[in-house]
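What follows is each chain in one-letter form.
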Amino acid sequence: MKYAIRAGDIEHGGSASARIKSELSRAGVDATTARRAGIVAFEGEMNLIVYSDDGGTLSVIVEPDAVMIELEDTGPGIEDIDLAMTPGFSTAPVWATDLGFGAGMGLVNMQKHSDIFEIHSKLGVGTRIQCRIERKGDWAMNRREG
Amino acid sequence: MKLCDLAELIAGSILVGEDQPDLVIDRAFAADLLSDVLALTEEQTTLITGMVNPQVMRVAEILNVIAVIFVRGKVPPASLVEYANRLNIPLVTTKKTMFETCGLMYAHGVRACRSRSTCQMSDSG
Ligand SMILES: Nc1ncnc2c1ncn2[C@@H]1O[C@H](COP(=O)(O)OP(=O)(O)O)[C@@H](O)[C@H]1O
Ligand SMILES: [Mg+2]
């Protein structure tokens, strides 16, 4: 599944991710994996809406033992990825903070819920994020987070 | 406590969920910052919030939220109520503040959902 996300489209913000989460559940993906994938997708989708110049794509691939979430945009790119990944760092505009976003925890939260998290970004070119979420089942997650 | 007793306790009205009065509300997380709800809750929970934008229900759907309580007299738009109906996630509105709502619920046995604090976010989980 591949979703086109439009820059600034706050009205639909998060709707692709909510759909992804419910479709994963319907496809028989365990509840914990579907929740983690939903969180990863949502944070990535909101970042495309808030920060990208021209929107981007959100794709989901269901594999036998993992769910892959990929986000791609064509700019502006992130100058300092380590800084962007710091909890609390945010350049969110006021309209996003007014909606309850811009706590600077999106990227770390995406990483936290991914077993493999890769981010590549180049200023003036764009950002590409790939997340692999292992389908471990509910019991495994409870032990990991417990 | 049960959803119907909760609504009475906080002088709230049930917008969605009249058909599930016996639903058990035993834990909750309160925040206006949806980023925090996404980042910090670690189990299914009831959500207490003053936000009524469409993102609230999308977050609720992703996190399998048990019920949403809107505080400070915030009235969710019809589209949000419709969405909650479709998902079968109960909605309660109250004129009480977040603090009062939390206090009343805590005094009646509702506890914090399992969560982490922001400073724990950098420890990999
Ligand atoms: N796709 C993107 N393109 C450009 N910058 C981004 C993108 N995603 C995130 N950023 C930058 O990284 C920062 C941190 O992002 P995030 O952790 O999601 O927190 P928040 O969205 O709350 O600011 C953002 O404030 C922004 O400066
Ligand atoms: Mg973000």
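Just so you know, these numbers come straight off a predicted model, no measurement behind them.

Caption draft 1: Examining the pattern of salt bridges more closely. All names here are of chain A. Following the criterion strictly, the structure yields 15 salt bridges over all chains and no others. Asp65 serves as the salt-bridge partner of Arg132, at 3.6 Å between the closest nitrogen and oxygen. Residue Arg132 is found in strand 5 (residues 126-134), and its partner Asp65 is found in the loop between strand 2 (56-63) and strand 3 (66-73); the two are separated by 67 residues along the sequence. For Glu134, the salt bridge identified is with Arg132, shortest N-O distance 3.2 Å. Residue Glu134 is classed as partly exposed on the basis of its relative accessible area of 22%.

Caption draft 2: Representation of the sheet that holds strand 3 of chain A within the structure. Residue and element names in this part refer to chain A. Taken together, the five strands give an open sheet; going across it, the order is 1-2-3-5-4, and neighbouring strands pair in antiparallel fashion. Bordering the open sheet on either side are strand 1 (2-5) and strand 4 (116-122), each of which pairs with just one other strand. In this sheet, adjacent strand axes meet at a mean angle of 10° when their direction is disregarded. Strand direction decides the pairing type here: strand 2 and strand 3, joined by eight bridges, are antiparallel. Looking across to strand 3, one finds that Gly56 is bridged to Asp73. Helix 1 (residues 15-26) rests against strand 1, strand 2 and strand 3 of the sheet, and its axis sits at about 10° to strand 2. Of the strands in this sheet, strand 1, strand 2, strand 3 and strand 5 touch helix 2 (residues 31-51), which is tilted by about 0° from strand 3.

Caption draft 3: Representation of the site of ligand 1 in the model. Residues and elements named next belong to chain A. The environment of ligand 1 is made up of 16 residues, and the closest members are Tyr51, Ser90, Thr91, Gly104 and Leu107. The contact in question runs from an oxygen atom of ligand 1 to an N or O atom on the backbone of Leu107, over 2.8 Å. Considered class by class, the residues forming the shell around ligand 1 number seven nonpolar, eight polar and one charged.

Caption draft 4: Structural detail: unusual backbone geometry. With an omega of 20°, the peptide bond running from Gly75 of chain A to Pro76 of chain A counts as cis. Of note, Pro76 of chain A is situated in the loop between strand 3 and helix 3 (81-84). One non-glycine residue with positive phi stands out, namely Ala11 of chain B, at about 50°. The topology assignment puts Ala11 of chain B in the loop between helix 1 (3-9) and strand 1 (13-16). Its identity is not glycine, yet Arg72 of chain B carries a phi of approximately 60°, on the positive side. Looking at where Arg72 of chain B falls in the secondary structure, it is placed in the loop between strand 4 (68-70) and helix 4 (78-87). Given a relative accessible area of 37%, Arg72 of chain B falls into the partly exposed group.

Caption draft 5: Quick peek at the interface of chain B and chain A. Listed per partner, the contact involves 29 residues of chain B and 31 residues of chain A. Carbon and sulfur atoms supply 57% of the area buried between chain B and chain A, which totals about 2,500 Å² over both sides. Connecting chain B to chain A are one salt bridge. Among the ionic pairs, Lys112 of chain A bridges to Glu42 of chain B, the shortest N-O distance being 3.8 Å. In this assembly, chain B and chain A are joined by 13 residue pairs in polar contact (both at pLDDT 80 or more). Those elements giving two or more residues to the side of chain B that touches chain A turn out to be helix 2 (34-40) and helix 3 (54-62) of chain B.

Caption draft 6: Broad picture of the nonpolar core. Of all hydrophobic cores here, the largest spans 62 residues; its most connected members are Leu58 and Ile69 of chain A together with Met57, Val68 and Leu91 of chain B. Per element, the largest residue contribution to this core is nine residues, and it comes from helix 2 of chain A. The residues contacting Met57 of chain B, other than those within four sequence positions of it, are Val68, Leu80, Tyr83, Ala84, Leu87, Ile89 and Leu91 of chain B. Core analysis: the second largest hydrophobic core is formed by 16 residues, Leu6, Ala7, Ile10 and Ile14 of chain B among them.

Caption draft 7: Structural view of the pairing of strand 5 of chain A. All names here are of chain A. As judged from the eight bridges shared by strand 3 and strand 5, these two strands associate in the antiparallel manner. Note that in strand 5 the partner of Val67 across the bridge is Ile133. Two elements, strand 4 and strand 5, share seven bridges in a ladder whose sense is antiparallel. Note that in strand 5 the partner of Phe117 across the bridge is Cys131. Connecting strand 4 to the antiparallel partner strand 5 that follows it, the hairpin turn spans three residues, and Gly124 within it adopts a positive phi of roughly 85°.

The rules behind these values
Residues numbered from 1 in each chain as written. Chains lettered and ligands numbered in written order. Predicted model: local features only at pLDDT ≥ 70, side-chain atom pairs only at ≥ 80, totals over all residues. Heavy atoms only, no water. Salt bridge = Lys/Arg side-chain N within 4 Å of Asp/Glu carboxyl O. Helix = DSSP H or I, 4+ residues; strand = E, 2+ residues; numbered from the N terminus. Buried < 20%, exposed > 50% of the residue type's maximum accessible area, 1.4 Å probe, protein only. Pairing = 2+ DSSP bridges. Axes fitted to C-alpha atoms, helices over the stretch in contact; angles between N-to-C directions. Contact = heavy atoms within 4.5 Å. Near = heavy atom within 4 Å. Polar contact = N/O pair within 3.5 Å; in protein donor to acceptor, adjacent residues only side chain to side chain. Nonpolar A, V, L, I, M, F, W, Y, C, P; charged D, E, K, R; others polar. Buried area = accessible area lost by both parts, 1.4 Å probe. Core = buried A, V, L, I, M, F, W, Y, C linked by side-chain atoms within 4.5 Å.

The values are spatial; any link to function lies outside them.
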